[in-house]
Amino acid sequence: MNTPNIQLGLIGYPLEHTYSKLLHEQALQSLGYRGQYKLWEIPPEKNAAKQLKARISAVRKGEVRGMNVTIPHKKRIVPYLDTLSESAKGIGAVNTIYQNQEKGLVVGENTDAPAFWTDLQSLLKTGEKTGTALVLGAGGAARAVCYQLIKKGWLVLVAARNFTQAEELTRDMGTVPEGQASPLSLLEDDLPEGEPLQLVVNATSAGMHPEVNQSPWPAGWQLPSHAAVYDLVYNPPLTAFNKQAMEAGLKTKNGLGMLVEQAALAFEYWMDCPAPREIMKRAVQKG
Ligand code: NAP
């Protein structure tokens, strides 16, 4: 039988360290599909808009089944899409693109938020499913994490080096009840006293390969005594921040489970069948 040759891919820059190609090509192969996951490097400078539109047009024409989007285009691709899912709209950033077959529209989705939530569950004790979380960073990933935590009823403190960005993030979360999200400066503020934290999330790129010795945690801050620590960074598997938290006796997790889950959810939008999560997990553990 002549099986279709499925084209998937990733838009971003730079893309040399991505695990996505490995994850999706193994998933396709294990289900008996022919296909490739291509890496489309689009530098942020001149002509980026033209190239982003060309990639979207390939999805519209059916030449490409679906795409992921990563740094630095998660926000800047939004104006060129036909429509956004409710969560992508709330987050203001997209990491997955597919075509809605019924309506013919090219849709922007964000699978980082539900993937974070799914993977976080194994770190939280029963009875700790809401509380106060400190999110470090105010980039695209932090927006997805905050959106999801707020949706699930958590109080969120967003701490970033760039205070204006943290303020913008909390403001953009829009409909949240006043006081559910507050900004902090990683450089100038202290941790608010008397605010017990149940969760700390590193959504900065500090500690990511090759800067493996960096931790986002400010030198003058004391780690909370009972919080669980989730680091979105997965390369290296043991980050400097998680090591610091483990040494302080805290429970930790890296972002590998989230990486697999965000890819699995994207794969399901594109292929309309359950993703082979175990195979995808093994692919990145080996890779
Ligand atoms: P981004 O939009 O570029 O944002 C990066 C954020 O990190 C910015 O707020 C930046 O602050 C901050 N930052 C960088 N270095 C820092 C440092 N040394 N100390 C304090 N803050 C620092 O990137 P992103 O898309 O949000 O991704 C952030 C991280 O999450 C990356 O490592 C990415 O690989 C990871 N991620 C993981 C998954 C997963 O599935 N596990 C999914 C998405 C993202 P400035 O603006 O001040 O530079």
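What comes next is a walk through the structure. (Residues numbered from 1 in each chain as written. Predicted model: local features only at pLDDT ≥ 70, side-chain atom pairs only at ≥ 80, totals over all residues. Heavy atoms only, no water.)

1. Examining the packing of helix H8 (residues 256–271) against helix H9 (residues 277–286)
Under the convention used in this document: Only the contacting stretch of a helix is used when fitting its axis, a line to C-alpha atoms as for every element, and angles between N-to-C directions run 0 to 180 degrees. We count a stretch as a helix when DSSP gives it H or I for four or more residues in a row; a strand needs E for two or more, and each element gets its number in order from the N terminus. Should an angle lie under 35 degrees it is considered roughly parallel, over 145 roughly antiparallel, and from 65 to 115 roughly perpendicular; all remaining angles are considered oblique. The sense of a crossing depends on the near helix, which, turned anticlockwise from the far helix by less than a right angle, makes the crossing left-handed and, turned clockwise, makes it right-handed. Any two residues whose heavy atoms approach within 4.5 Å at even a single point are treated as in contact. Three categories are distinguished: nonpolar for Ala, Val, Leu, Ile, Met, Phe, Trp, Tyr, Cys and Pro, charged for Asp, Glu, Lys and Arg, and polar for the others, with Gly belonging to the last.
Taken N-terminus to C-terminus, the directions of H8 and H9 make an angle of 135 degrees; their axes are 10 Å apart at the nearest point. Regarding the angle of H8 to H9, the classification is oblique. Our pair here, H8 against H9, has a crossing hand that is right-handed. Across the interface between the two elements, Leu-256, Leu-259, Val-260, Glu-261, Ala-263, Ala-264, Leu-265 and Glu-268 from H8 touch Arg-277, Met-280, Lys-281, Val-284 and Gln-285 from H9. When grouped by side-chain class, the residues that make up the contact of H8 with H9 number 8 nonpolar, 1 polar and 4 charged.

2. Some words on the site of the ligand
For clarity, the cut-off: By convention in these notes, a residue is near a molecule or strand provided one of its non-hydrogen atoms lies within 4 Å of it. In protein, a polar contact requires one atom able to donate a hydrogen and another able to accept it; more generally it is a pair of N or O atoms within 3.5 Å, and residues adjacent in sequence count only if both atoms are side-chain atoms. Only the protein chains shown count as cover for residues, with accessible areas throughout obtained via the Shrake-Rupley method and a probe of 1.4 Å.
Surveying the vicinity of the ligand reveals 24 residues, the closest of which are Ala-141, Arg-161, Met-208, Leu-232 and Gly-255. A distance of 3.1 Å separates an oxygen atom of the ligand from a polar backbone atom of Ala-138. Contact between the ligand and Ser-205: an oxygen atom at 3.4 Å from a main-chain N or O atom of the residue. Alone, the ligand offers 930 Å² of accessible surface; in the complex the protein occludes 80% of this. Top element by residues in the shell around the ligand is H8. It accounts for 3 residues. In terms of residue class, the shell around the ligand is built from 12 nonpolar, 9 polar and 3 charged.

3. Things to note about the pairing of strand S1 (residues 5–12)
Short version of the rule: Think of it in three bands: with a 1.4 Å probe and only protein chains considered, a residue is buried below 20% of the maximum accessible area for its type, exposed above 50%, and partly exposed in between. The pairing criterion is simple: DSSP has to find at least two bridges between the two strands. By convention, a crossover is right-handed whenever its connection, traced from the first strand over the helix to the second and viewed with the strands pointing away, goes clockwise.
Burial analysis of S1 places 7 of its 8 residues in the buried class, which makes it a mostly covered element. Relative to strand S2 (residues 34–41), S1 runs parallel, the two being bridged by 8 bridges. Across the sheet, the residue bridging to Gln-7 is Gln-36, located in S2. Between the parallel pair S1 and S2, the chain is carried across by helix H1 (residues 20–30), and the sense of this crossover is right-handed. With 4 bridges connecting them, S1 and strand S3 (residues 66–69) associate as parallel partners. Its bridge partner lying in S3, Gly-9 is registered against Met-67.

4. Considerations on H8
Heads up, the rule is: Helix span, as expected, comes to 1.5 Å for every residue beyond the first.
Taking 1.5 Å per residue, 16 residues should reach 22 Å; H8 reaches 22 Å between its end C-alpha atoms and fits that length. Of all 16 residues in H8, 13 are buried; the element is thus mostly enclosed. Among the residues trailing H8, Asp-272 stands out with phi positive, at a value near 55 degrees.

5. Focus: the packing of H1 against H9
As a packed pair, H1 and H9 sit with axes 9 Å apart at the nearest point and diverge in direction by 140 degrees. In terms of orientation, H1 lies oblique with respect to H9. Of the two elements, H1 crosses H9, and the hand of that crossing is right-handed. Two secondary-structure elements touch here, H1 through Leu-22, Leu-23, His-24, Gln-26, Ala-27 and Ser-30 and H9 through Ile-279, Met-280, Ala-283 and Val-284.

6. Looking at the packing of aromatic side chains
How we decide: Pairing of aromatic rings covers Phe, Tyr and Trp, the last through its six-membered ring, and needs centres within 6.5 Å; plane angles under 30 degrees mean stacked, over 60 mean edge-to-face, and all others mean tilted. Only Lys NZ and Arg CZ are tested; either one counts as a charge over a ring when it is within 6 Å of the ring centre and within 35 degrees of the ring normal.
Counting across every chain of the model gives 5 aromatic pairs. Ring geometry for Phe-116 versus Tyr-230: centroids 5.4 Å apart, planes at 90 degrees, classification edge-to-face. A residue pair is termed long-range when its members are at least 10 positions apart, and Phe-116 in helix H4 (residues 112–120) and Tyr-230 in strand S11 (residues 228–231) qualify at 114 residues. Residue Phe-116 is classed as buried on the basis of its relative accessible area of 0%. Among the aromatic residues, those joined into a cluster by ring pairs are Trp-217, Trp-221 and Phe-241. When the ring centre of Trp-40 is taken as origin, the NZ or CZ atom of Arg-55, which lies over that ring, is 4.2 Å away.

7. Digging into the pairing of strand S5 (residues 96–100)
Extensive coverage of S5 is indicated by the burial of 4 of its 5 residues. Note that S5 and strand S6 (residues 105–109) share 5 bridges and pair antiparallel. Across the sheet, Tyr-98 pairs through a bridge with Val-107, a residue of S6. Counted between consecutive antiparallel strands, the loop separating S5 from S6 contains 4 residues, among which Gly-104 sits at a positive phi close to 75 degrees.

8. Some words on the sheet that holds strand S12 (residues 252–253)
A sheet is described by the order of its strands in space; here 6 strands give the open sequence S9-S8-S7-S10-S11-S12, paired in parallel fashion. With one partner strand each, in any of the chains shown, strand S9 (181–185) and S12 form the two edges of the open sheet. Bridge count for strand S7 (residues 132–136) against strand S8 (residues 155–160) is 5 bridges, and the pairing is parallel. Note on S8: the bridge partner recorded for Thr-132 is Leu-155. Docked against the sheet, H4 engages strand S10 (199–202), S11 and S12, running at close to 140 degrees with respect to S11.

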